[in-house]
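Report on the structure
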Amino acid sequence: QVQLVESGGGLVQAGGSLRLSCAASGRTFSRYAMGWFRQAPGKEREFVAAITRSGGSTYYSDSVKGRFTVSRDNIKNMVYLQMDSLKPGDTAVYYCAANQAFPSRYASSVEYDYWGQGTQVTVSS
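Residues numbered from 1 in each chain as written. Predicted model: local features only at pLDDT ≥ 70, side-chain atom pairs only at ≥ 80, totals over all residues. Heavy atoms only, no water.

A few words now on the packing of aromatic side chains. Considering all chains together, one arrives at 10 aromatic pairs under this definition. For the pair Y32 and Y114, a centre-to-centre distance of 5.9 Å together with 80° between the ring planes defines the contact as edge-to-face. Of this pair, Y32 sits in the loop between strand 3 (18–24) and strand 4 (33–39) while Y114 sits in strand 10 (residues 114–115), and the two are 82 residues apart along the sequence. Chaining the aromatic ring pairs together yields one cluster made of F37, F47, Y59, Y95, F102, Y106, Y112 and W115. Just above the ring of Y80 sits the side chain of R19; from NZ or CZ to the centre is 3.9 Å. When the ring centre of Y95 is taken as origin, the NZ or CZ atom of R45, which lies over that ring, is 3.9 Å away. (Phe/Tyr/Trp six-rings, centres within 6.5 Å; stacked < 30°, edge-to-face > 60°. Helix = DSSP H or I, 4+ residues; strand = E, 2+ residues; numbered from the N terminus. Lys NZ or Arg CZ within 6 Å of the ring centre and 35° of its normal.)

Taken in spatial order, the 4 strands of this open sheet run 1-3-8-7, and their pairing is antiparallel. Two strands lie at the open edges of the sheet, namely strand 1 (4–7) and strand 7 (68–73), each paired on one side alone. Taken over all neighbouring pairs, the strand axes of this sheet differ in orientation by 15° on average, direction set aside. Bridge count for strand 3 against strand 8 (residues 78–83) is 6 bridges, and the pairing is antiparallel. Paired with R19 across the strands is Q82, a residue of strand 8. (Pairing = 2+ DSSP bridges. Axes fitted to C-alpha atoms, helices over the stretch in contact; angles between N-to-C directions.)

A complete count under the given rule lists 5 salt bridges for this structure. Across the pair E46 and R38 runs a salt bridge whose closest N-O atoms are separated by 2.6 Å. You can call E46 partly exposed: its relative accessible area is 35%. Across the salt bridge formed by D90 and R38, the nearest N and O atoms sit 2.9 Å from each other. Of this pair, D90 sits in the loop between strand 8 and strand 9 (92–99) while R38 sits in strand 4, and the two are 52 residues apart along the sequence. The same class applies to D90 as to R38, namely buried. What emerges from the salt-bridge pattern is a single network uniting R38, E46, R67 and D90. (Salt bridge = Lys/Arg side-chain N within 4 Å of Asp/Glu carboxyl O. Buried < 20%, exposed > 50% of the residue type's maximum accessible area, 1.4 Å probe, protein only.)

A separate point is the nonpolar core. M34, W36, L81, M83 and Y94 are the most contacted members of the largest nonpolar core, which has 29 residues in total. Going through the elements one at a time, strand 3, strand 4, strand 5 (46–51), strand 7, strand 8, strand 9 and strand 11 (119–124) are the ones with two or more residues in this core. Leaving out residues up to four positions away in the same chain, Y94 has contacts with E6, L20, F37, R38, V48, F68, L81, M83, G118, T119 and V121. (Core = buried A, V, L, I, M, F, W, Y, C linked by side-chain atoms within 4.5 Å. Contact = heavy atoms within 4.5 Å.)

On to unusual backbone geometry. Positive phi, normally seen in glycine, also occurs at N77, with a value near 60°. Structurally, N77 is set in the loop between strand 7 and strand 8. Positioned with a positive phi, S85 is a non-glycine residue whose angle comes to about 50°. Tracing the backbone through its elements, the reader meets S85 in the loop between strand 8 and strand 9.

The next point concerns the environment of G89. Tracing the sequence through the fold places G89 in the loop between strand 8 and strand 9. Residue class for G89 comes out exposed when judged on its relative accessible area of 60%. Residues G89 and S125, spaced 36 residues apart in sequence, show a C-alpha to C-alpha distance of 9.7 Å.

In short, the description is geometric, and any link to function would need to be established separately.
As structure tokens, then:
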């Protein structure tokens, strides 16, 4: 089992940057594939990015590709989401999620077993 805690959210102007962090408990963090999702008010939770257990492969939604970067540090039990060129449409609660195997349907939230509590990101125009 793994517990996840996100941090780093906040208010930023359009065009700015934020770096989200997700701290994971446990000594087997490297065995978990990780994902980032977000949920805006009145909308369904949507996929943002995913990273394999080794960090060797990353995947992004079309809406953030080229602007966001996911990375992980298996020594520190951390996963990060660097968000650049932020837009008002990026405003949402951002969640990190974990699954013991990298899911073939990595963009589907139902494939992930563990979730953090979320961190709010607000981008002003």
